[in-house]
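Here is what each chain is made of, one letter per residue.
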Amino acid sequence: MRSNEQGFTLIELIVVIVIIGILAAIAIPKFVGLSGEARTSALQGFKSSLQDASVMVHGKWLAGGGSGTSVTLADGSTVTVGSSGYPTADANGIEKAISYDQNKFTATAGTGDVKFYYKGYENKNCYVDYAYNGNGAPSITVNDADCGGNNSGSGTGGTGGTGGTGGTGG
């Protein structure tokens, strides 16, 4: 007596494998691009935090009479400011004014600016730049050219301080 066994034919199995391969070829690059977009979004969020911290310090400086070289924050920390009252571009200025996750960002001070690199992308074009020469408002820009994902490669610009100018930089 012959049993009536049923199963998939070889053709059916091959068709399913081909369909799974096509779906994987489409989906994997899309998910790889999402990690780069996530880094760019994190940089944009960090830029907003820098702008907020800069404006907050400037506001405290103005409320204190608009003079002096430092501002004391609510937590007791002292932030060094330039002649126009914005945090200086160094460890005693903007780095003290903002609280950030040092597991995600690395600060590197230059001459007149501090670059906050996305961790693991140091020395690449994947950072937020806080530039301040002591006069006027600071310039806070994002450079996302090497972050991966679907970005313009030119970075997005704008200045912090009194509302910002926005726009595209590069």
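Cut-offs used in this document
Residues numbered from 1 in each chain as written. Predicted model: local features only at pLDDT ≥ 70, side-chain atom pairs only at ≥ 80, totals over all residues. Heavy atoms only, no water. Core = buried A, V, L, I, M, F, W, Y, C linked by side-chain atoms within 4.5 Å. Buried < 20%, exposed > 50% of the residue type's maximum accessible area, 1.4 Å probe, protein only. Helix = DSSP H or I, 4+ residues; strand = E, 2+ residues; numbered from the N terminus. Contact = heavy atoms within 4.5 Å. Disulfide = S-S within 2.5 Å. Pairing = 2+ DSSP bridges. Axes fitted to C-alpha atoms, helices over the stretch in contact; angles between N-to-C directions. Phe/Tyr/Trp six-rings, centres within 6.5 Å; stacked < 30°, edge-to-face > 60°. pLDDT = per-residue confidence, 0-100. Polar contact = N/O pair within 3.5 Å; in protein donor to acceptor, adjacent residues only side chain to side chain. Salt bridge = Lys/Arg side-chain N within 4 Å of Asp/Glu carboxyl O.

Asks: What should I look at first to understand the nonpolar core in this one?
Replies: It is characteristic of soluble globular proteins that their nonpolar side chains tend to be buried jointly. Residues L43, F46, L50, I94, F116 and Y130 are the most contacted members of the largest nonpolar core, which totals 28 residues. Secondary-structure elements contributing two or more residues to this core are α1 (10–63), α2 (94–97), β4 (113–118), β5 (127–131) and β6 (139–143). Considering every element that reaches this core, the biggest residue donor is α1, with six residues. Each residue touching L50, except ones within four places of it in the same chain, is listed here: I94, I98, F116, V128, Y130 and I140.

Asks: Looking at this structure, I do not really get the state of the cysteines. What am I missing?
Replies: One way to say it: the disulfide is the covalent bond shared by the sulfur atoms of two cysteines. Tallied over the entire structure, the rule returns one disulfide. The disulfide that involves C126 links it to C147, with 2.1 Å between the sulfurs. A torsion of 110 degrees about the S-S bond marks the disulfide between C126 and C147 as right-handed. With C126 in the loop between β4 and β5 and C147 in the segment after β6, the pair connects residues that are 21 residues apart, well separated along the chain. Taken individually, C126 and C147 each receive the classification buried, so the pair is uniform in this respect.

Asks: Can you help me understand the sheet that holds β5 in this one?
Replies: Neighbouring strands of a sheet are bound in pairs by backbone hydrogen bonds; such pairs are parallel or else antiparallel. The four strands are arranged β3-β4-β5-β6 in an open sheet whose pairing can be described as antiparallel. Of all strands in the sheet, those bounded by a partner on one side alone are β3 (105–109) and β6. Neighbour-to-neighbour, the strand axes of this sheet turn through a mean angle of 20 degrees, independent of strand direction. Sheet topology places β3 next to β4; five bridges connect them, and they run antiparallel. When the bridges of β4 are listed, A107 appears paired with F116.

Asks: What am I meant to see in the packing of aromatic side chains here?
Replies: Any aromatic ring pair is given by two values, namely how distant the centres are and how the planes are angled relative to each other. Inspection of the entire model under this criterion finds eight aromatic pairs. Ring plane angle 80 degrees and centroid distance 5.7 Å describe the contact between F105 and Y118, whose orientation is recorded as edge-to-face. On the criterion of sequence distance, the pair formed by F105 in strand β3 and Y118 in strand β4 is long-range, its members being 13 residues apart. An aromatic cluster is present here, built from F46, Y100, F105, F116, Y118 and Y121 joined pairwise through their rings.

Asks: So what exactly am I meant to see when it comes to the confidence of the model for the protein chain here?
Replies: Should pLDDT be low for a region, the predicted coordinates there are not to be read in detail. For the protein chain, per-residue confidence averages 83 on the pLDDT scale, and residues scoring 70 or more make up 84% of the total. Low confidence marks residues 151–170, where pLDDT is under 50. Its contacts with residues over four positions away, or in another chain, come to 47 contacts.

Asks: I tried to follow the environment of K115 on my own but got confused; where do I start?
Replies: Considering the arrangement of structural elements, one finds K115 in strand β4. With 13 residues separating them in the primary sequence, K115 and V128 have C-alpha atoms 5.7 Å apart. Ignoring sequence-local partners within four residues, the contact set of K115 consists of T106, A107, T108, Y127, V128 and D129. At 2.8 Å, the side chain of K115 forms a polar contact with the side chain of D113.

Asks: Quick question: what am I supposed to make of the pairing of β4 here?
Replies: Consecutive side chains along a regular strand alternate between the two faces of the sheet. The buried count for β4 comes to five of six residues, which makes it a mostly enclosed element. Counting the residues that bridge the hairpin from β3 to β4 gives three residues, and of these G112 lies at a positive phi of roughly 80 degrees. Examined bridge by bridge, β4 and β5 share five bridges and lie antiparallel to one another. Bridge pairing in β5 links K115 to D129.

Asks: Mind showing me how you'd approach the pattern of salt bridges here?
Replies: Pairing of side chains with opposite charge becomes possible as their charged atoms draw close. Under the definition given, this model contains two salt bridges. We note a salt bridge from K115 to D113, for which the minimum N-O separation is 2.8 Å. Residue K115 pairs with D129 through a salt bridge whose shortest N-O separation is 3.8 Å. With K115 in strand β4 and D129 in strand β5, the pair connects residues that are 14 residues apart, well separated along the chain. Judged by its relative accessible area of 13%, D129 falls in the buried class. Within the structure, one salt-bridge network assembled from shared partners comprises D113, K115 and D129.

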